[in-house]
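# Overview (structure and organization)
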Amino acid sequence: MYYNNKRLALSIFWVLLGATLLGLSIAEILNDSVYSGMGGALMAIGILQIVRIVRYRKDEKYRENIDTEIKDERNVFLRMKSWAWTGYIVVLVEAIGSVIAMVLGQETIQLMLAYSVCLIIFVYWLVYIILSRKY
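Within each chain, residue numbers correspond to sequence positions counted from 1 in written order. Since the coordinates come from a predicted model, pLDDT governs what is reported: local features require at least 70, and pairs of side-chain atoms require 80 or more to be given and counted, while whole-chain, interface and lining totals use all residues. Only hydrogens and water are removed before side-chain values are computed, so all heavy atoms of the structure are retained for them.

Bringing the environment of K81 into the picture now. Where helices and strands are cited, they refer to DSSP runs of H or I of at least four residues and of E of at least two residues respectively, numbered from the N terminus. For K81, the location among the structural elements is in helix 4 (residues 73–103). A residue is classified by how much of its surface remains accessible, and K81, at 43% relative accessible area, is partly exposed. Along the chain, K81 and R7 lie 74 residues apart, while their C-alpha atoms are 26 Å from each other. Summary of the burial criterion: residues with accessible area below 20% of their type's maximum are buried, those above 50% are exposed, and those between are partly exposed, where the area comes from a 1.4 Å probe applied to protein chains only.

With that out of the way, let us pick up helix 1 (residues 5–26). Each residue after the first adds 1.5 Å to the expected span of a helix. Along its 22 residues, helix 1 runs 31 Å from first to last C-alpha, staying within 8% of the 32 Å computed at 1.5 Å per residue. All of the buried residues in helix 1 are S11, V15, G18, L21 and S25. Take helix 1 and look down its axis: the buried residues cluster within an arc of 130 degrees, on one side only. Across helix 1 from its buried face, at more than 90 degrees, point the exposed residues N5, K6 and L16. In what follows, residue pairs with any heavy atoms lying within 4.5 Å of each other are defined as contacts. The inward-facing, buried residues of helix 1 abut helix 2 (33–58). The N-terminus of helix 1 is capped by N4, whose side-chain oxygen sits 3.3 Å from the backbone nitrogen of K6. Among the residues trailing helix 1, E28 stands out with phi positive, at a value near 60 degrees. The directions from the helix axis to the C-beta atoms form the arc being described. Contacts described as polar in this section are N or O atom pairs within 3.5 Å, which, within protein, must combine one atom able to donate a hydrogen with one able to accept it, while residues neighboring in sequence count only if both atoms come from side chains.

Let us look at the side chain of S25. By secondary structure assignment, the location of S25 is in helix 1. On the basis of relative accessibility, which here comes to 12%, the residue S25 falls in the buried class. In contact with S25, other than residues within four places in its own chain, are L30, D32, Y35 and S36.

Turning our attention to unusual backbone geometry. A positive phi angle, near 60 degrees, is found at E28, a position not held by glycine. When you line up the elements, E28 lands in the loop between helix 1 and helix 2. On the basis of relative accessible area, E28 is assigned to the exposed category, the value being 62%.

Attention now moves to a nonpolar patch on the surface. Each patch is built from residues lacking any salt bridge and having more than 30% relative accessible area; the joining distance is 9 Å for like charges and 5 Å for nonpolar side chains (Val, Leu, Ile, Met, Phe, Trp, Tyr). Only the protein chains shown count as cover for residues, and the accessible areas themselves come from Shrake-Rupley with a 1.4 Å probe. Salt bridges are identified by distance alone: a Lys or Arg side-chain nitrogen within 4 Å of an Asp or Glu carboxyl oxygen. Nonpolar side chains collect at one region of the surface, where L119, F122, V123, Y124, W125, L126, V127, Y128, I130, L131 and Y135 lie side by side and expose about 1,200 Å² of accessible area between them. Along the chain, the position of Y128 falls in helix 5 (residues 107–134). Residue Y128 is classed as exposed on the basis of its relative accessible area, which comes to 51%.

In this section: the packing of helix 2 against helix 3 (residues 60–71). Their axes nearest at 5 Å, the elements helix 2 and helix 3 cross at an angle of 110 degrees. Overall, the two elements helix 2 and helix 3 adopt an arrangement that is roughly perpendicular. Seen from helix 2, the contacting residues are R52, R55, Y56, R57 and K58; seen from helix 3, they are E60, Y62, R63, I66 and D67. Lines are fitted to the C-alpha atoms to define the axes, a helix being fitted only along its stretch in contact, and any angle between axes, read from their N-to-C directions, falls within 0 to 180 degrees. Working definition: roughly parallel below 35 degrees, roughly antiparallel above 145 degrees, roughly perpendicular at 65 to 115 degrees, and oblique for all remaining angles.

Treat this as a map of the structure, not an account of what it does.
This is the structure in structure tokens:
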């Protein structure tokens, strides 16, 4: 069962956390408007997830479609391939952005993009080492 009670509890937690942030923002305990927006978004996400879980539990055809979508080998392959392409694109865009920021004299942006590229490459290397020992 994909939508189990842990997922339901997590969704309820998101709704409660969002309501808390929204309430604290409205009561002006948290002064920044970011918290009210974040609270509203967390509440919306939690509510949508709860609706999905309830629908999954009550609608047999929907459950069958979701289970097929999750377990289908083609979808698993497409998800893995999408992450691989996303990784390549993000590294290249950040590297090019780092060079452009350097040319424009934006040292802080350049350093953040360069550090991000380094972090991604380090994590890739680390995961590669772990997976090469596992497989």
